[in-house]
Amino acid sequence: MLHLCRAHTGGTAPDGTMKRDLRQSFLDDDDSYGRHRAATLDTIEEGDEDENSELDIMGDGTSPGSGKEVGTATLVGSTFQMANCAIGAGVLAFPYAFANCGLAVGILMLVYLIIIVGATQLVVIKAAAVSGAPSYEDMVRRVLGAGWGKVLEVVILVYQLGACVAYLDVVADQGTGIMCAYGASFFGSYCDGNQTLMRAILVAVIAFGFCLPFSIPTKIDALARISMIGVLAPIVMSCAIVVLGLLDISDRGMAAVVYNLKWVPDSETGLHDVLKSIPIVLFALQSHIVAPSVYKEMKPEIKSVKNASIGMVFAYLMVGSCYMLTGIFGYTQFGNGVDGDLLKTSTVLSQSKGDVLVAVINGARVFIALGSLCSFPLNHFPGRSALLNLAVPGKPLESLPKWAFYLEATLFVAVCYGLAVAVPQISYVFSIMGATCGTAVMFIFPAMLHLNLPKYEKRERHMTGDSFDDVVYADGSLVDVASGRRAQKIDPDEDKTNSKAKRDTVCRWLFFVIIMGMGCFVVITGTMSAVQDFITNLLDA
């Protein structure tokens, strides 16, 4: 954490020369973060000897040195927040992804991507802890520079907008299905053919009646309760799909079910099918964007990389289990004809025998719709941060008037509503967003953060109060930062220390090459496959 303590020079503020030099170094950063720190530094008066006070030059509203962190989130709450950012509408597309790849390849692909995505999530958590950034885009801006921060803000805005559009699509699809199942006599002709008008009215009520009010709170911890609902609802829906799948296996027999399954991709279209499925899975695993905000708001006594990593592991265990069970039993029950939105598959109700099973299907619709509703505000939170940073650069969000948050939430929800009505097929949204923006925040930016984090840590030592004293670097050397002179080595085994530093550098570059290579591959191939599939279906229609 980069805080300038008034007591770091013996109970007094930095003298005029030090202050001017430090202020200029902040301004040289040429970003909103640097300008904020320079403005905060200007408030320090020479000779101020308040040893118990500490200035926040990070812009995150915390003061670790004084024990006055504002974080209030528990480890359980933080775990559910990270899980809720990933789980939700994406669960509906897993039977479709497994049908494309084959059951065996689909399961292996899910496990492999969870491991890789978990590794990049650890990088994000560590970078959040080291930089003290309150959001993903602020973290990138501090570590990688203002230019990359702007790029990421655009990526996050587009990605979160796509996610929220998908959630409204899910609510519309499941809501119209429930309304027509139990109110066909009331809605009449609206349920017989084109349901566009009914769908548009339902989405409008949900978007402006529920999503808008919950998109206004300024702190992510305010969404903790609906985060738990957002996680539990898809899990309940997944359990319903598992029950239906088991009943279907009992009815048709294990041999008949296994015989009709596809275990590996088709020989002719297999590569295209797999490439089309990878972005769908990635879209459903993304919780990187919200991780810095979740870490920032953890309680002081539990805030650590270790605890945040534990929460991340449990979050992916919940999410991965839900996805795998839904993918397996959704595919075994509905076969290769499963829709990109599981609960829209035409064979669902026809294969369900009896009113009880029909009720289970409609109950699953209710839960997945509820989970999507609860996921909308949480996914809007980082989108709002990116949008406001682009709209009013250089100004801390906490200083904005309340009407700015009301206006932003209204515009964001209105745009999501228009796109949800215009793009009703969520599998296309999953594929394109996962291949482009999702890959960027899950692979490309974490790879760059991992490579540049040591340089950032070293640079920040020059900019803190500690930089006016001798600083011991990771390579074992003692440096007089004020004069730039290299002092005597404190590590007698210089060769051993240098060898370790070289190994660390090689490992960082290896991680960078692997993750960056995967990211670029998914962006190119996944986008081409998703767009090709979208155009083909559009022409066929």
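Residues numbered from 1 in each chain as written. Predicted model: local features only at pLDDT ≥ 70, side-chain atom pairs only at ≥ 80, totals over all residues. Heavy atoms only, no water.

J.: What should I look at first to understand helix H4 (residues 94–101) in this one?
T.: Think of an α-helix as turning once every 3.6 residues; residues three or four places apart then point the same way. Within H4, 8 of the 8 residues are buried, which leaves it mostly tucked inside the rest of the structure. Residues of H4 that are buried include every one of Phe94, Pro95, Tyr96, Ala97, Phe98, Ala99, Asn100 and Cys101, and no others. Where H4 ends, the next residue or the one after it, Gly102, has phi of about 95°, a positive value. (Buried < 20%, exposed > 50% of the residue type's maximum accessible area, 1.4 Å probe, protein only. Helix = DSSP H or I, 4+ residues; strand = E, 2+ residues; numbered from the N terminus.)

J.: I would appreciate a short explanation of the pattern of salt bridges in the present structure.
T.: Once the charged atoms of two side chains with opposite charge are near each other, the side chains can pair. Counted by the stated rule, this structure contains 6 salt bridges. In this structure, Glu153 and Arg141 form a salt bridge, with 2.2 Å as the shortest nitrogen-oxygen distance. Taken together, the positions of Glu153 in helix H7 (residues 146–182) and Arg141 in helix H6 (residues 136–144) put the pair 12 residues apart, joining distant regions of the chain. In this structure Glu153 comes out as buried when scored by relative accessible area, which is 0%. Residues joined in a network through salt bridges with shared partners are Asp138, Arg141 and Glu153. (Salt bridge = Lys/Arg side-chain N within 4 Å of Asp/Glu carboxyl O.)

J.: Could you clarify how one ought to interpret the environment of Ala83 in this entry?
T.: Within the fold, Ala83 resides in helix H3 (residues 75–86). With 235 residues separating them in the primary sequence, Ala83 and Met318 have C-alpha atoms 7.4 Å apart. Beyond its immediate sequence surroundings of up to four residues, Ala83 is in contact with Val231, Ala315, Met318 and Val319. (Contact = heavy atoms within 4.5 Å.)

J.: Could you clarify how one ought to interpret the packing of aromatic side chains in this entry?
T.: Each aromatic ring pair is specified by the distance between its two centres and by the angle formed by the two planes. Inspection of the entire model under this criterion finds 7 aromatic pairs. Aromatic side chains Phe94 and Phe98 sit 6.2 Å apart centroid to centroid with 80° between the ring planes, which places their arrangement in the edge-to-face category. Within this pair, Phe94 and its partner Phe98 are both found in helix H4, separated by 4 residues, close to a single helical turn. Like Phe94, the residue Phe98 is buried in the burial classification. (Phe/Tyr/Trp six-rings, centres within 6.5 Å; stacked < 30°, edge-to-face > 60°.)

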